[in-house]
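Per-entry structural report
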Amino acid sequence: VREVGNVSVYRAFDPTTNEVSYVGITNNVSRRQLEHAREKGIDIYEIDKLTDLTREDARAVEQTLIELHKLEKDGGTLINKINSIAEINPQYADSLRKGTEILRETGYLE
């Protein structure tokens with residue numbers, strides 16, 4: 001059973017390819033939508049069932065999505081500049097396991 005928090009996971013799509021182009025977390029989706037529209041020219045969408053997470057769970061999901069879609073600099077589709085959790089972080093592997101578990105529970109992954 002996951003603890004309830006106030007953080008949501010969101011994503012943006014490339015309008016040309018419809019591929020996921022950005023992932024992130026926030027405790028205020030409306031504010032973040034305005035910031036991304038103004039700063040990056042992208043529209044973000046909260047991911048169904050990935051709301052009201054603890055910050056730790058949201059970061060685990062965000063990093064798992066980064067691993068899944070990969071950063072552009074690593075040949076992927078994401079314009080994100082950095083990982084949410086560094087590979088050298090001792091919690092990295094556990095976070096990926098937790099993120100994968102949450103994504104499966106919510107139906108994002110099969």
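Residues numbered from 1 in each chain as written. Predicted model: local features only at pLDDT ≥ 70, side-chain atom pairs only at ≥ 80, totals over all residues. Heavy atoms only, no water.

1. Concerning the environment of V7
Here V7 shows up in the segment before β1 (8–13). Judged by relative accessible area, which is 4%, V7 ranks as buried. V7 sits 37 residues away from I44 along the chain, and the two C-alpha atoms are 15 Å apart. Setting aside chain neighbours within four positions, we find V7 in contact with I25, T26, N27, L50, T51, D52, L53, T54, R55 and A58. (Helix = DSSP H or I, 4+ residues; strand = E, 2+ residues; numbered from the N terminus. Buried < 20%, exposed > 50% of the residue type's maximum accessible area, 1.4 Å probe, protein only. Contact = heavy atoms within 4.5 Å.)

2. Here we look at the packing of helix α2 (residues 55–69) against helix α3 (residues 92–105)
It is the contact of α2 with α3, at a shortest axis distance of 7 Å, that shows an interaxial angle of 90°. As far as their axial angle goes, α3 and α2 are roughly perpendicular. Residues D57, A60, V61, Q63, T64, L65 and E67 of α2 lie in contact with α3, whose contacting residues are Y92, S95, L96, K98, G99, T100, I102 and L103. Per-class residue counts for the contact of α2 with α3 are seven nonpolar, five polar and three charged. (Axes fitted to C-alpha atoms, helices over the stretch in contact; angles between N-to-C directions. Parallel < 35°, antiparallel > 145°, perpendicular 65-115°, else oblique. Nonpolar A, V, L, I, M, F, W, Y, C, P; charged D, E, K, R; others polar.)

3. Thoughts on the pattern of salt bridges
For side chains of opposite charge, pairing can occur when their charged atoms come near one another. For the structure on display, the rule yields five salt bridges. A salt bridge links R31 to E35; the nearest nitrogen and oxygen atoms lie 3.1 Å apart. Placement of both R31 and E35 in helix α1 (residues 29–39) is noted, with a separation of four residues, approximately one turn of the helix. For K98, the salt bridge goes to E101, with nearest N and O atoms at 3.8 Å. (Salt bridge = Lys/Arg side-chain N within 4 Å of Asp/Glu carboxyl O.)

4. Thoughts on the environment of G75
Structurally, G75 is set in the loop between α2 and α3. With relative accessibility at 68%, the residue G75 sits in the exposed group. Separated by 55 residues in the primary sequence, G75 and V20 have C-alpha atoms spaced 13 Å apart.

5. A look at unusual backbone geometry
Phi at N18 is positive, roughly 65°, even though this residue is not glycine. At K70, a residue that is not glycine, the phi angle is positive and equals roughly 65°. As for its placement among the helices and strands, K70 is situated in the loop between α2 and α3. A relative accessible area of 41% places K70 in the partly exposed class.

6. Regarding α2
Residues lying three or four places apart along an α-helix face the same way, a consequence of the helix completing one turn every 3.6 residues. Between its terminal C-alpha atoms α2 stretches 21 Å, which fits the 21 Å expected from 15 residues at 1.5 Å a residue. Of all the residues in α2, the buried ones are D57, A58, A60, V61, E62, Q63, T64, L65, I66 and H69. Looking at the packing, one finds that the buried side of α2 touches β1, β2 (20–26) and α3. Positioned one or two residues after α2, K70 has a phi angle of 65°, which is positive. (Expected span 1.5 Å × (residues − 1).)

7. Here's the deal with α3
With 14 residues, α3 should cover 20 Å at 1.5 Å per step; its first-to-last C-alpha distance of 20 Å lies within 8% of that length. Considered for burial, the residues of α3 that qualify are Y92, S95, G99, I102 and L103. What you see down the axis of α3 is that its buried residues fit within an arc of 100°, all on one side. Residues of α3 that are exposed and angled more than 90 degrees away from the buried face: R97 and R104. Packed against the buried residues of α3 are α2. (Arc of directions from axis to C-beta.)

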